[in-house]
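# Residue-level structure breakdown
These are the residues of each chain, in order.
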Amino acid sequence: MKINVIGAGLAGCEAAMQIASAGIPVRLYEMKPNKKSPAHKTNYFGELVCSNSLKAMRVESAAGLLKEEMRRLNSFLMQCADKCQVPAGGALAVDREKFAQLVTEGIQSQPLIEVVSEEITAIPESGITVIATGPLTSDALAKAIEERFGDSLSFFDAAAPIVTAESIDMEYTFTASRYERGGEDDYINCPMNKEEYERFYNALVSAERAPLHDFDVSNPKVYEGCMPVEVMAQRGEGTLRFGPMKPVGLIDPKTGHRPWAVLQLRKENAAGTMYNLVGFQTNLKFPEQKRVFSLIPALHNADFVRYGVMHRNTFLCSPKILNADFSVKENKNLFFAGQITGVEGYMESAASGILAGMNAVRVLRGQPTLVFPADTMMGALSRYIADPTVKKFQPMGANLGILPELEKRPRDKRERAAAYAYRALASQEIYIKEQLGMGE
Ligand SMILES: Cc1cc2nc3c(=O)[nH]c(=O)nc-3n(C[C@H](O)[C@H](O)[C@H](O)COP(=O)(O)OP(=O)(O)OC[C@H]3O[C@@H](n4cnc5c(N)ncnc54)[C@H](O)[C@@H]3O)c2cc1C
């Protein structure tokens, strides 16, 4: 019997690979290339729609811990990411094109996965299915899900612009990672003095924004991690200087001082021919993006290869609908995975795909499903999405705050993060030995 997976994004590809590697055939439905969401631009699977960063690498951090837990479960996406890393200080950033290419090739060459290029418009009524259609689930399926479960929500999400490397005026830049973490040329820093910043700031807050088509404009909910730069700026003149333009940890070698504000540019591809404007997700009209961002001295001649955009983002009210093993409360044969469940972020989505895939196999085999221990990042995230005590459910990314308190809590922040991480990994190791017989 085949297991159905719908959506070949980050969660769907992980789920499909987990199922196939357990020896079970998969039918993976993907609406590309026939149809694409407003944010997906390529025909590849596992497309990263905004930043090319998979966040911190250090195991002693929430994002790093999540990735380490995934590696220990043979994460297919982590294997792809490791093969196409681009330098980004302490973060794991990838060449997005190569990454998606590797994901696609891996899926297509797995003999147990049959890819079907088709948009699914209804929830399958029979067999075992994992729905991983993401925050931009096509309208017809979103409607079917809403009709079945109600309570599905929408909020905003935004992507940052990308410029060509050759169009950056290096005269006005210096290379360095904040606090000298990572390689010294991982980031191109575009410093601004007070006057330049004020001119830029005033242009930004008064610039014209693109109309919001299919959103509830009256009640926008902005994904905090991807908040449009103009929305953040509107909160006050200093906000950007404490956010994406913070100069802390950066000294301009030309002046020997910390600049007033800094825009960081991060390599978008391994060849270093494109750079993205870190933290500059935006919904300004395209000509306005060119006009306003060109006020940053280093970008006065910048060629924009992609402008920022803003999109709908849909997720379930999971605590009412899902169990912590990602199955639907009312139907043990139906699973959801990825951002649509309310986990937030690329790797969080992929991690949920691992668990949903493993559990789909276990249901097929008549085995009890798995939920990782609460003190692991994967366990904490899956418990969070199914926690009935959460009243106003909002998506959640990996963070140390969702882990249970440490018995002995070090005062030092870094030591505390390390203690959480080592406890989680030890706990995961015991669990996978007991439940899966892996790692011996
Ligand atoms: C604009 C935007 C920017 C984001 N930026 C970031 C970021 O910078 N960093 C971060 O960590 N997270 C970001 N996110 C959040 C989230 O991590 C990503 O959306 C992530 O790709 C979610 O993974 P997923 O597998 O759930 O969905 P996706 O990766 O979106 O995969 C879903 C797949 O399902 C397919 N599909 C959809 N409907 C159907 C259907 N009916 N039938 C068949 N196939 C279908 C789609 O074509 C797609 O390939 C962003 C989200 C959005 C929308």
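Reading the values: the criteria
- Residues numbered from 1 in each chain as written.
- Predicted model: local features only at pLDDT ≥ 70, side-chain atom pairs only at ≥ 80, totals over all residues.
- Heavy atoms only, no water.
- Helix = DSSP H or I, 4+ residues; strand = E, 2+ residues; numbered from the N terminus.
- Rg over C-alpha atoms; globule rule 2.2 N^0.38 Å.
- Buried < 20%, exposed > 50% of the residue type's maximum accessible area, 1.4 Å probe, protein only.
- Contact = heavy atoms within 4.5 Å.
- Areas by Shrake-Rupley, 256 points an atom, 1.4 Å probe, with all protein chains shown as cover.
- Lys, Arg positive; Asp, Glu negative; His and termini not counted.
- Charge placed at Lys NZ, Arg CZ, Asp CG, Glu CD.
- Domains from an automatic or database assignment.
- Buried area = accessible area lost by both parts, 1.4 Å probe.
- Salt bridge = Lys/Arg side-chain N within 4 Å of Asp/Glu carboxyl O.
- Polar contact = N/O pair within 3.5 Å; in protein donor to acceptor, adjacent residues only side chain to side chain.
- Pairing = 2+ DSSP bridges.
- Axes fitted to C-alpha atoms, helices over the stretch in contact; angles between N-to-C directions.
- Near = heavy atom within 4 Å.
- Nonpolar A, V, L, I, M, F, W, Y, C, P; charged D, E, K, R; others polar.

### What about the overall build of the protein chain?
In terms of helices and strands, the protein chain carries 13 helices and 17 strands. In terms of C-alpha radius of gyration, the protein chain reaches 22 Å, essentially the compact-globule figure of 22 Å for 440 residues. Across its three principal directions, the C-alpha atoms of the protein chain cover 65 × 50 × 45 Å. Here the protein chain, with 440 residues, has 55% of them falling under the buried criterion. In the protein chain, the share of contacts with a sequence separation of at least 24, taken over all contacts with a separation of at least 6, comes to 69%. Carbon and sulfur atoms form 51% of the exposed surface of the protein chain, whose accessible area is close to 18700 Å². The averaged location of the 52 negative side-chain charges in the protein chain is 3 Å from the averaged location of its 50 positive side-chain charges.

### Digging into the domain arrangement of the protein chain
By a widespread convention, an interface's size corresponds to the accessible area lost as its parts come together. When its domains are assigned, the protein chain resolves into domain 1 (3-152 + 317-436) and domain 2 (162-310). With 17 residues of domain 1 at the contact, the number on the domain 2 side is 17 residues. Buried surface at the junction of domain 1 and domain 2, summed over both partners, amounts to about 1400 Å²; 46% is from carbon and sulfur atoms. At the junction of domain 1 with domain 2, the criterion picks out zero salt bridges. Our enumeration of links across domain 1 and domain 2 arrives at five residue pairs in polar contact (both at pLDDT 80 or more). Going through the elements one at a time, strand S5 (91-94) and helix H4 (96-108) are the ones with two or more residues in the side of domain 1 that touches domain 2.

### Section: the sheet that holds strand S14 (residues 304-306)
Judged by pairing direction, the sheet is antiparallel, and its six strands sit side by side in the order S10-S11-S12-S13-S9-S14 without closing on themselves. Strands with a single pairing partner mark the edges of an open sheet, and in this sheet they are strand S10 (174-175) and S14. Relative to strand S12 (residues 261-267), strand S11 (residues 187-192) is paired through six bridges, and the arrangement is antiparallel. Along S12, the bridge assignment pairs Tyr 187 with Arg 266.

### Overview of the sheet that holds strand S4 (residues 85-86)
Picture the strands of a sheet paired through backbone hydrogen bonds; they go either parallel or antiparallel. Pairing in this open sheet of three strands is antiparallel, and the strands run S3-S5-S4 from one edge to the other. Edge strands, defined here as strands with exactly one partner in the open sheet, are strand S3 (53-56) and S4. Where S4 meets S5, two bridges bridge the pair, whose relative direction is antiparallel. When the sheet's bridge partners are listed, Val 86 is paired in S5 with Ala 93. Contacts from helix H2 (residues 62-72) reach S3 and S5 within the one sheet, and its direction differs from that of S3 by about 110°.

### Details of the site of the ligand
In the vicinity of the ligand lie 33 residues, with Ala 11, Glu 30, Ile 120, Gln 339 and Gly 345 positioned nearest. At 3.2 Å from an oxygen atom of the ligand is found a main-chain nitrogen or oxygen belonging to Ser 51. Secondary-structure elements contributing two or more residues to the shell around the ligand are helix H1 (10-21), strand S8 (153-159) and helix H11 (346-364). Classifying every residue of the shell around the ligand by side-chain character gives 15 nonpolar, 13 polar and five charged.

### So, the pairing of strand S17 (residues 331-336)
Judged from the three bridges that link them, strand S7 (residues 129-131) and S17 form a sheet pairing that is parallel. Of the residues in S17, the one forming a bridge with Ile 131 is Phe 336. Bridging between strand S16 (residues 327-328) and S17 involves two bridges; their strand directions are antiparallel. When the sheet's bridge partners are listed, Val 328 is paired in S17 with Asn 331.

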